[in-house]
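What follows is each chain in one-letter form.
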Protein chains: 2
Amino acid sequence: MAGRKPGRPSGDTGTRDAILDAARRQFGDLGYQRTTLRGVGQRAGVDPRLVLHYFGSKAGLFAASVELPVDPSVLIDRIFSGPPEGIGMRAAEILVGVLEDAASRRGFLALLRAAVADPEAAASIRGILADRLLLPISRQIGGPAAETRAAMLSTLLVGIAIGRYVIAFEPMTAMPREQLVRALLPVIHHYLFGDWATGTPA
Amino acid sequence: MAGRKPGRPSGDTGTRDAILDAARRQFGDLGYQRTTLRGVGQRAGVDPRLVLHYFGSKAGLFAASVELPVDPSVLIDRIFSGPPEGIGMRAAEILVGVLEDAASRRGFLALLRAAVADPEAAASIRGILADRLLLPISRQIGGPAAETRAAMLSTLLVGIAIGRYVIAFEPMTAMPREQLVRALLPVIHHYLFGDWATGTPA
């Protein structure tokens, strides 16, 4: 593979796509820390300097290679359009649904794995999640504490993801989906609408 | 180092302690996956077969080498002794306090890092946290859903740990400690005492 000539895929887009594809596989196989620009270049059959040229750094390559398995904007629209009194329930069901679906869970856990393994990856992921998850949610929530509310919601997703599927505490894995939704509903409501965020103590 | 003779520390306990000490440093420096029984043996100056003899496997060595930076039983006692109406507030303050303290946060994040990086480490950590955190908490809570309640509480700790200190979302890192306590208090109350866990929908 290392012997292939640079530029094998036709044109700029082809090269860029080949690099991204190789990067996804390398990050997936080796994790963030052990993936190198050289290794990605070799896997893509291009000169490693091209990888640097297109993406600037390993963190840049990582950020570009992340594919969110679900489009958050679609889910966020689904939560916030429709009757306002159903926002909490739709959010709880979608949050649990994203984690119960094998493909989207795998994608989300891959992000968490990279973030936890490496501060550089964590910075990329912070940017990605801020742009695609926290900001759109906080725009929907509105008000001065909207970003803090969105951030607290995201900690809920992270905690359940790791507790139920990574550490896999037995009582968590045994919980029926509907019970989990029921457990999360008032918490989501509190994070979205509670007065903890606005400076007036409850 | 590899050349040192086995048994340099005096007696069984000395050898065992030297291995554990070397294991802590190897797991800390290299992470779970890249740590090997051979490397730990070399660092401890003992025959790697002794490592296997004492701890059975890498997962066993890891479990034995984990030192919780705070003794959960002391904290759990502090939460549940005293006036019952203050349980939620004491739990919220202790949860936030454990994460705000640099040493205990470092220890807890090291556990999470290992769990997320490797399924074998995750299984060890599941056992450790179940014995030392979930079981004692669920004993204090009592009732048929006590373990589920304790598990949900632990996801809160995990989510805040990663959201505030690892991914470090800006609105999370900017939250004053008292606001975080205020945000968590009703959630802790709900996980401890809410009727979501008992089969009667709210």
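Residues numbered from 1 in each chain as written. Chains lettered and ligands numbered in written order. Predicted model: local features only at pLDDT ≥ 70, side-chain atom pairs only at ≥ 80, totals over all residues. Heavy atoms only, no water.

A.B. asks: Help me understand the nonpolar core in this model?
C.D. replies: Nonpolar side chains in soluble globular proteins tend to be buried together. Among the nonpolar cores identified, the biggest contains 138 residues, and A:Leu61, A:Met152, A:Leu184, A:Tyr191, B:Met152, B:Leu184 and B:Tyr191 are the most heavily contacted of them. What B:Tyr191 contacts, discounting residues up to four positions off in sequence, is A:Leu156, A:Ala183, A:Leu184, A:Val187, B:Arg149, B:Met152, B:Leu153, B:Leu156 and B:Trp196. (Core = buried A, V, L, I, M, F, W, Y, C linked by side-chain atoms within 4.5 Å. Buried < 20%, exposed > 50% of the residue type's maximum accessible area, 1.4 Å probe, protein only. Contact = heavy atoms within 4.5 Å.)

A.B. asks: How should the relation of the copies chain B and chain A be read in this particular structure?
C.D. replies: The operation linking the two copies of the chain is a rotation about an axis combined with a translation along the axis. Superposing chain B onto chain A requires a rotation of 180° together with a translation of 0.0 Å along the rotation axis, leaving an RMSD of 0.0 Å. What the rotation and shift describe, once combined, is the action of a two-fold rotation axis. Measuring from the rotation axis to each C-alpha of chain B, the shortest distance belongs to B:Gly159, at 1.9 Å. (Least-squares fit on C-alpha atoms with pLDDT ≥ 70 in both.)

A.B. asks: Sorry if this is basic, but what is going on with the interface of chain B and chain A here?
C.D. replies: Interfaces are often sized by the amount of accessible area the parts lose when they come together. Contacts between the two partners involve 45 residues from chain B and, on the opposite side, 45 residues from chain A. Together, B:Val116, B:Phe169 and B:Arg182 form the three largest contributors to the area buried by chain B at its contact with chain A, with a combined 17%. One can count 0 salt bridges joining chain B with chain A. Breaking the side of chain B that touches chain A down by element, the ones donating at least two residues are α1 (11–34), α7 (102–117), α8 (119–141), α9 (146–166), α10 (170–174) and α11 (177–193) of chain B. Top contributing element to the side of chain B that touches chain A by residue count: α9(B), with 13 residues. Each residue belonging to the side of chain B that touches chain A can be placed in one class, and the counts come to 29 nonpolar, 10 polar and 6 charged. (Buried area = accessible area lost by both parts, 1.4 Å probe. Salt bridge = Lys/Arg side-chain N within 4 Å of Asp/Glu carboxyl O. Helix = DSSP H or I, 4+ residues; strand = E, 2+ residues; numbered from the N terminus. Nonpolar A, V, L, I, M, F, W, Y, C, P; charged D, E, K, R; others polar.)

A.B. asks: Quick question: what am I supposed to make of the side chain of B:Ser138 here?
C.D. replies: Residues and elements named next belong to chain B. Within the element layout of this structure, serine 138 appears in helix α8. Reaching out from serine 138, the side chain makes a polar contact with the backbone oxygen of leucine 135 at a distance of 3.0 Å. Each residue touching serine 138, except ones within four places of it in the same chain, is listed here: Ala146, Glu147 and Ala150. (Polar contact = N/O pair within 3.5 Å; in protein donor to acceptor, adjacent residues only side chain to side chain.)

A.B. asks: What is the right way to read the confidence of the model for chain A from this model?
C.D. replies: In low-pLDDT segments, the atomic positions of the prediction should not be examined closely. Residue and element names in this part refer to chain A. In this model, chain A carries an average pLDDT of 88, and 93% of its residues clear a pLDDT of 70 or more. The low-confidence segment residues 1–9, where pLDDT is below 50, has 16 contacts with residues more than four positions distant or belonging to other chains. Among the prediction metrics, the complex's ipTM stands at 0.84, with pTM recorded as 0.84. (pLDDT = per-residue confidence, 0-100.)

A.B. asks: Looking at this model, I keep getting lost on unusual backbone geometry. Mind explaining?
C.D. replies: Among all residues except glycine, the phi angle is most often negative; among peptide bonds, the trans geometry is most common. Residue and element names in this part refer to chain A. With a phi close to 55°, alanine 168 is a non-glycine residue in the positive phi region. Within the secondary structure, alanine 168 is located in the loop between α9 (146–166) and α10 (170–173). Taking the relative accessible area as the measure of exposure, alanine 168 reaches 18% and is therefore buried.

A.B. asks: Quick question: what am I supposed to make of helix α2 (residues 37–44) of chain A here?
C.D. replies: Count 3.6 residues to each turn of an α-helix, and residues three or four apart come out pointing the same way. Residues and elements named next belong to chain A. Burial analysis of α2 places 6 of its 8 residues in the buried class, which makes it a mostly covered element. Every buried residue of α2 is listed here: Leu37, Gly39, Val40, Gly41, Arg43 and Ala44. Looking one or two residues beyond α2, the residue adopting positive phi is glycine 45, at roughly 75°.

A.B. asks: What exactly am I supposed to notice about the pattern of salt bridges here?
C.D. replies: Where side chains of opposite charge bring their charged atoms close, a pairing between them can arise. Taken as a whole and judged by the stated rule, the model has 10 salt bridges over all chains. With a shortest N-O distance of 3.1 Å, A:Arg43 and A:Asp29 are connected by a salt bridge. Taken together, the residues span a long stretch of sequence, with A:Arg43 in helix α2 and A:Asp29 in helix α1 (residues 11–34) at a distance of 14 residues. Among the residues examined, A:Asp29 registers a relative accessible area of 51% and is labelled exposed. Across the pair B:Asp21 and B:Arg25 runs a salt bridge, and its minimum N-O distance is 3.3 Å. Of this pair, B:Asp21 and B:Arg25 both sit in helix α1, 4 residues apart, which is roughly one turn of that helix.

A.B. asks: Where do I start with the packing of helix α5 (residues 72–80) of chain B against helix α6 (residues 87–100) of chain B in this structure?
C.D. replies: Between two packed helices, the angle of one axis relative to the other and the distance separating the axes together describe the packing. Residues and elements named next belong to chain B. Axis separation between α5 and α6 bottoms out at 8 Å; the angle between their running directions is 150°. Classified by the angle between their axes, α5 and α6 sit roughly antiparallel to one another. Residues Leu75, Arg78, Ile79 and Phe80 of α5 lie in contact with α6, whose contacting residues are Ile87, Arg90, Ala91, Ile94 and Val98. Across the contact of α5 with α6, the residue classes break down as 7 nonpolar, no polar and 2 charged. (Axes fitted to C-alpha atoms, helices over the stretch in contact; angles between N-to-C directions. Parallel < 35°, antiparallel > 145°, perpendicular 65-115°, else oblique.)

A.B. asks: Explain the packing of helix α6 (residues 87–100) of chain A against helix α11 (residues 177–193) of chain A to me, please; I cannot follow it from the model alone.
C.D. replies: All names here are of chain A. Across the interface, α6 lies against α11 with an axial gap of 8 Å and an inter-helix angle of 125°. The orientation of α6 relative to α11 falls into the category oblique. For the pair α6 and α11, the sense of crossing is right-handed. Here Ile87, Gly88, Met89, Ala91, Ala92, Glu93, Leu95, Val96, Gly97 and Glu100 of α6 lie close against α11, whose contacting residues are Arg177, Leu180, Val181, Leu184, Leu185, Ile188, His189, Leu192 and Phe193. Class assignment for the residues of the contact of α6 with α11 results in 13 nonpolar, 3 polar and 3 charged. (Left-handed = near helix turned anticlockwise from the far one by under 90°.)

A.B. asks: Would you mind going over the packing of aromatic side chains with me for this structure?
C.D. replies: The description of an aromatic ring pair uses the distance of the two centres, along with the angle that the planes make with each other. All names here are of chain B. The final tally for this structure, using the stated rule, is 10 aromatic pairs over all chains. A centroid spacing of 5.6 Å and a plane angle of 10° characterise the contact between phenylalanine 27 and tyrosine 32, whose relative ring orientation is stacked. Like phenylalanine 27, the residue tyrosine 32 is buried in the burial classification. Ring geometry for tyrosine 32 versus phenylalanine 62: centroids 5.3 Å apart, planes at 90°, classification edge-to-face. In this pair, tyrosine 32 is assigned in helix α1 and phenylalanine 62 in helix α4 (residues 58–65), connecting sequence segments 30 residues apart. Taking the relative accessible area as the measure of exposure, tyrosine 32 reaches 4% and is therefore buried. (Phe/Tyr/Trp six-rings, centres within 6.5 Å; stacked < 30°, edge-to-face > 60°.)

A.B. asks: Where do I start with the side chain of A:Thr35 in this structure?
C.D. replies: Residues and elements named next belong to chain A. Relative to the helices and strands, threonine 35 resides in the loop between α1 and α2. Assessed through its relative accessible area of 2%, threonine 35 is described here as buried. Only 3.2 Å separates the side chain of threonine 35 from the backbone oxygen of glutamine 26, close enough to count as a polar contact. Residues within four places of threonine 35 in sequence aside, it is in contact with Gln26, Phe27, Leu30, Val40 and Lys58.

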